[in-house]
Each structure stands twice: as C-alpha cells, then as structure tokens.
Amino acid sequence: MKKNLLLFLLCILPLQWSVAQAPKWVERAKRAVFSVVTYDKEDNMLRTANGFFVTEEGVALSDFSLFEGAQRAVIITSEGKQMNVDAILGANSIYDVVKFRVDITDKRVPALQLASTIPAEGDPVYLLPYSTQKDKQVTSGKVKEVSVPAEGNQYYTLDLVLAEKMVSCPVTNAAGGVFGIVQKATGADTTSICYAASASFAYAQSLGALSQTDVNLRGIGIKKGLPETEEEALVALFMASGYASTEEYLNLVNDFINQFPQNADGYMRRATHYLYNVGDEPAMNLAATDLDRALQVAQKKDDVYYNIAKLIYNYQLGQPEKTYKDWTYERALAEVQKAFDIDPLPVYKQLEGDIRFAMQDYTGAFAAYDEVNRSNLVSPATFFSAAKAKEMMGDDPEAVIALLDSCVAHCPQPILEEDAVFLLERAQAKMNALQYRPALLDYDAYYNAVRGRVNDVFYYYREQAALQGRQFQRALDDIVKAIELNPTEVMYRAEYGAINLRVGRYEEAINGLQEALKIDPDYGEAYRLIGMAQVQLGHTEEACTSFSKAKELGDQAVDALIEKNCP
C-alpha cells in the first residue's frame, strides 16, 4: 500500500511543481491575457479564442483565423471588463497571426513585453492561460525545437501539454518575455507537444499603402488601421476613397487625424467629406472648423489656402440653393490670391483663372491663363482655357483659332484619342470664323484620332462643314451615315432633302423630305423645301399647296415664296 502511494506521489509531483513554482511575475502577466469573441454580419457569435496585449496602449496579438468573416469583435479581460476591437493593424494568414488594436477603457492596460532573445532548445517556457481566477497557475514545459522558415521568423515546437481553450495564449520565457503564440495542434503527437508562432513576427506585421485591398484583410469586416508612415497612410486613404463606404472612409480619415494630428491633409479630407457627403449646416460648420485647423498646423500654408479656394470654388460650381456663410467665388478668389502671395506657383494662377471664368470675368480669366501659358505649367489644357476665355470676351475669332492652334501644337503628335476633343473645338471655332474647309480638315483629323468611333452627331457636324465648303458629295455621304445611325431624327432627313435640293436632285429631295414628314407630320420646314423642289420641277400648283401647309404649321420663312410663286 505504501509502495503504491509513493508511485502516485511521484507521478503527480511534476504537475504540482509547475503550479507551485510559477514565477512571481505570473500574476501580473496573466492580466494581459484575455478572451476574444467575434461576431458575423447578423451579430451572431462566430468564434471564441484568446489574445494578449503587447503594448499598454491596447495593441494585441491573436490568431488570424479567429477573425475571418468577423464584422466585429470584443475582448473580455481577466477582470471581466469588455472592450471592443477597434482596428486590424496587420495579419499573416499563412502563419495564422493577427495584430489588432483594442479600444481600451483605461489609460493603460497590462501588457506583456516581447522577448529580447530567441529561446534555445531545452529552455524552460510558460504558457499563460486566460483566467478570471487570481492565482499563479501556469503550464510549464520546454522548447523542443526551433525552426526558421524561409520568411526568417521562428516557429516553435514545445514539450508542453496543450489543454482545451489554450489556443492563441502567450508563451513566455523564464523572465516573462513573450516569444510565441500557441496555435492549433497539428500532426500525430498532440498529447505531449504543441506549436507556437513567433510573437515578434506577429507584432512586426503592419499595413502598407495597398493593404486595404488585400483579399485576406478584406474578408474581415472590422476596420483596418492605417500604415505607420504619413506617406503610405495618405496613399491608403486615396485607395480607400475608391471602394470604402462613406462611413468607413470617414473612420479612416479620423484615424489619420488621430495618428498624424499635425498633418493638414487629414483635416482637408475630412472637410471635403463633410461638404460632399453630408452637406447640411452642422456638417458645413464642422468643415469650416477643419479648414481653420488645417491652416493652424500646416507648414506650407499656401498649399492649404489653395485647397480651401479649390474646395469653395467646386462648392459654388454645384450651384447650392443657399450659399453657406461667405463661401462665394469672391472668397475662393481671395484664398487663392493668398496662396499666390506666399508662393507664386502657376497652378495657383490657373485656379485664379478658373474662378474668374466662373465669375464671368473673362478678361481677368484670360490674363491669368495667359500668365500660365508663359510658365512651366503650359499644356494643351491651359491654352484651351485661354481660348475659351477669349471666345467669351467676344474677340476676333482668328485670335481664338490662334490659341487653339497652340493648344493642338502642345499635344503629342500624332494626336491621341484623349486629346482629340481639342480638334473638335478648333473645328467649331473655324466654322464660326467661316473657315469651312479648314474646319473639315479638323473633323477628319478627329475621326482618325478616335479610329472612326464616332456617332451620328459627328457626321451631322462634318456634313455642315462639307456643305458650307461646297463639297456636296461629302455632305451627302455624311448625312446618309447620320441617318443610318439615327433613323428617327427628323432634322437629318430634312438636311438630306436640303442637300439634294441644293445640287438639283429634286425628286430625291422630295422623297427624303417626305420621309421626314413620316416621322413628324407637323414639320413645316419640310413642306417648304418640298414646295421649292416642286417649283423647280414646274409643279407650281403642288408647290403652292406645300407652301400653304408650311405656313399653316408656322413656318415664317415661306411667306416670300408664296408671294413670288402663288399669285
């Protein structure tokens, strides 16, 4: 009997030793371990596991798989406090680790320190479980193997029995430095060993400028944090603006401001969000406050003045029913002039021209654009702006054409599709200057630039240039093409009839105009043109009937024809 009792005591002694001899630091260290609960889209519980703080500001580590598909997550501390997971800060799905930030309710939370050295084989280790009990119970063991995958981080095999619900708990060295995260057991021998991923590797996970588009991270509905550097964080904000909801984007901008409070760009972006996505007076007040704050923190105040001017200018272009306070074109002009006074950049002068153009101060707009055209910012677009201002001034059409010539000359040659619109503008300017054949050449150049991908309206405009340039066959070909593309447009049918009348094809003219009347029986001009063709054919009585119908339908131009041909 005594012999059996002795054997029993020898068997349980190692377990008692691991409990009784736990280091003194364990009680505080265990407070850094917590339980994690994730929830799906319907707010049903998804998974539970563990995690632990590695900074007193609430940065923590756990398993990536715990968060897959989660829309929100909470942690429960050993003291029973519940806190929300605020943001994902980094992850690696291959090694099943995630770094995240908890919205802590206290100024500081108990946190484990990352081990400064890598444990060696045979070193003692301690697994800290999540527990609400105030004791020093830990599970002790030893390092069995340290492997180094291709990525250079460590992966540990431990001589340590893994009890239920210990997955994602921290593993520390004898000094209390955390070096591993316990992971799900795999392989044949799971009764006496377990595995741990490197805690330092997990903590090193971070978000880059393109992390917001990462497939694995996008599978987590919880907000993602921003990169640690301002430059990458700004790129991440730009990327997020293309796919994030307005609420998600605002949260990211708020995070940026909290992370980089001295960066004016965050306040400018938030002001823009309030203006375009909310727009009511309380939101406008918030936007105005953010603009003031941006000016306070900015190192380059001219850049902020410029962006304020551009924001107010675009706001006014939207034609608000009621203008917010002094957000007028005059205010925008004053702001961009402040920017120019600090640093006379051509881009500021360009915006001044745009504002003056919107204010219908075309002379002032042209002067601004002309100054830009004498700077290193000169481009096809700046010459085009100057040409439009010149046109609105009512100046000589030849001056407008000269500016458009410069616009086209500054385009890559041959003209690319993205610049082809300038050819259309020059063609129209030449039409206004009665330069019909040169206009036709520009229409042809446009057609070639867009590789023939044009619509019926283009063919109609080119037909007009050809007709006025007395190239009648080209005019006929183009109006026929316009009719093919849009057979229900009555104006094209009437134009077809008018061209045939012009070249003496009277029967064809009448047929074309009758097709127009099938579309619109009340189109008085068609009856007038039919009458003119009938006169040329010697059908005076029929012509007078047609003229009478045109007058009945309100065609004022038919009176002289009636007086001449219908006594």
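Preceding this section is the structure that the text describes.
Residues numbered from 1 in each chain as written. Predicted model: local features only at pLDDT ≥ 70, side-chain atom pairs only at ≥ 80, totals over all residues. Heavy atoms only, no water.

Side note on the nonpolar core
V304, W327, V336 and I355 are the most contacted members of the largest nonpolar core, which totals 48 residues. Residue assignment for this core shows that the elements contributing at least two residues are α5 (230–240), α6 (246–259), α7 (264–278), α8 (281–297), α9 (301–317), α10 (329–342) and α11 (346–358). Per-element tally for this core: the top contributor is α9, with nine residues. Those residues in contact with I355 that sit more than four places away from it in its chain are Y313, Y329, A332, L333 and V336. Counting residues in hydrophobic clusters, the runner-up holds 44 residues, among them C407, A433, V454 and Y459. (Core = buried A, V, L, I, M, F, W, Y, C linked by side-chain atoms within 4.5 Å. Buried < 20%, exposed > 50% of the residue type's maximum accessible area, 1.4 Å probe, protein only. Helix = DSSP H or I, 4+ residues; strand = E, 2+ residues; numbered from the N terminus. Contact = heavy atoms within 4.5 Å.)

Overview of the environment of F256
Structurally, F256 is set in helix α6. Along the sequence, F256 and Q82 sit 174 residues apart, while their C-alpha atoms lie 26 Å from each other. Non-local contacts of F256, meaning those with residues more than four positions away in its chain, are made with L226, E230, A233, L234, L237, N263 and G266.

Thoughts on the sheet that holds strand β9 (residues 155–159)
Across a sheet, strands are paired by hydrogen bonds formed along the backbone, either parallel or antiparallel in direction. With respect to topology, six strands assemble into a closed barrel ordered β7-β8-β9-β12-β11-β10, the strand pairing being antiparallel. For this sheet the average axis-to-axis angle between neighbouring strands, irrespective of direction, equals 45 degrees. (Pairing = 2+ DSSP bridges. Axes fitted to C-alpha atoms, helices over the stretch in contact; angles between N-to-C directions.)

Comments concerning the packing of helix α21 (residues 524–536) against helix α22 (residues 540–552)
One can describe the packing of α21 onto α22 by two numbers: an axis separation of 8 Å at closest approach and a directional angle of 165 degrees. It follows that α21 is roughly antiparallel to α22 by the angle criterion. The handedness of the crossing between α21 and α22 is left-handed. Note on element contacts: α22 touches α21 through E542, A543, S546, F547, K549 and A550, opposite G524, Y527, R528, I530, G531, M532, Q534 and V535. Class assignment of the residues belonging to the contact of α21 with α22 gives a composition of seven nonpolar, four polar and three charged. (Parallel < 35°, antiparallel > 145°, perpendicular 65-115°, else oblique. Left-handed = near helix turned anticlockwise from the far one by under 90°. Nonpolar A, V, L, I, M, F, W, Y, C, P; charged D, E, K, R; others polar.)

Concerning the sheet that holds strand β1 (residues 33–39)
Here we have six strands rolled up into a closed barrel, ordered β1-β2-β3-β6-β5-β4, and antiparallel in their pairing. Each strand axis lies, on average, 40 degrees off the axis of its neighbour in the sheet, ignoring direction. With seven bridges joining them, β1 and strand β2 (residues 45–53) adopt antiparallel strand pairing. Paired with V33 across the two strands is F52, which belongs to β2.

A few points about the pairing of strand β12 (residues 194–198)
Consecutive side chains of a regular strand alternate in pointing toward one face of the sheet and then the other. In terms of burial, β12 is largely enclosed, as five of its five residues are buried. Where β9 lies against β12, four bridges are found, and the strand directions are antiparallel. In the sheet register, Y155 faces β12, and the bridge partner there is A197. Where strand β11 (residues 178–183) lies against β12, four bridges are found, and the strand directions are antiparallel. Along β12, the bridge assignment pairs I181 with A197.

What to know about the pairing of strand β4 (residues 72–76)
Summarising the sheet, β1 and β4 pair through five bridges and their orientation is antiparallel. Looking at β4, one finds that V36 is bridged to I75. Examined bridge by bridge, β4 and strand β5 (residues 82–92) share three bridges and lie antiparallel to one another. Counterpart to V74 in the pairing with β5 is N84. If you look at the hairpin formed by β4 and β5, you'll find five residues sitting between the two strands, and G80 has a positive phi there, around 90 degrees.

Notes on the side chain of N173
With respect to the element layout, N173 can be found in the loop between β10 (170–172) and β11. Within the structure, the side chain of N173 is placed 3.0 Å from the backbone nitrogen of A175, a separation counted as a polar contact. Polar side-chain contacts of N173 include one of 2.8 Å to the backbone nitrogen of G177. Ignoring anything within four residues of it in the chain, the contact list for N173 reads W25, A115, P124, Y126 and F179. (Polar contact = N/O pair within 3.5 Å; in protein donor to acceptor, adjacent residues only side chain to side chain.)

Brief notes about the side chain of S546
Structurally, S546 is set in helix α22. Taking relative accessible area as the criterion, S546 reaches 8% and is therefore assigned buried. Not counting residues within four places of it along the chain, the set of residues in contact with S546 comprises Y527, I530, G531 and Q534.

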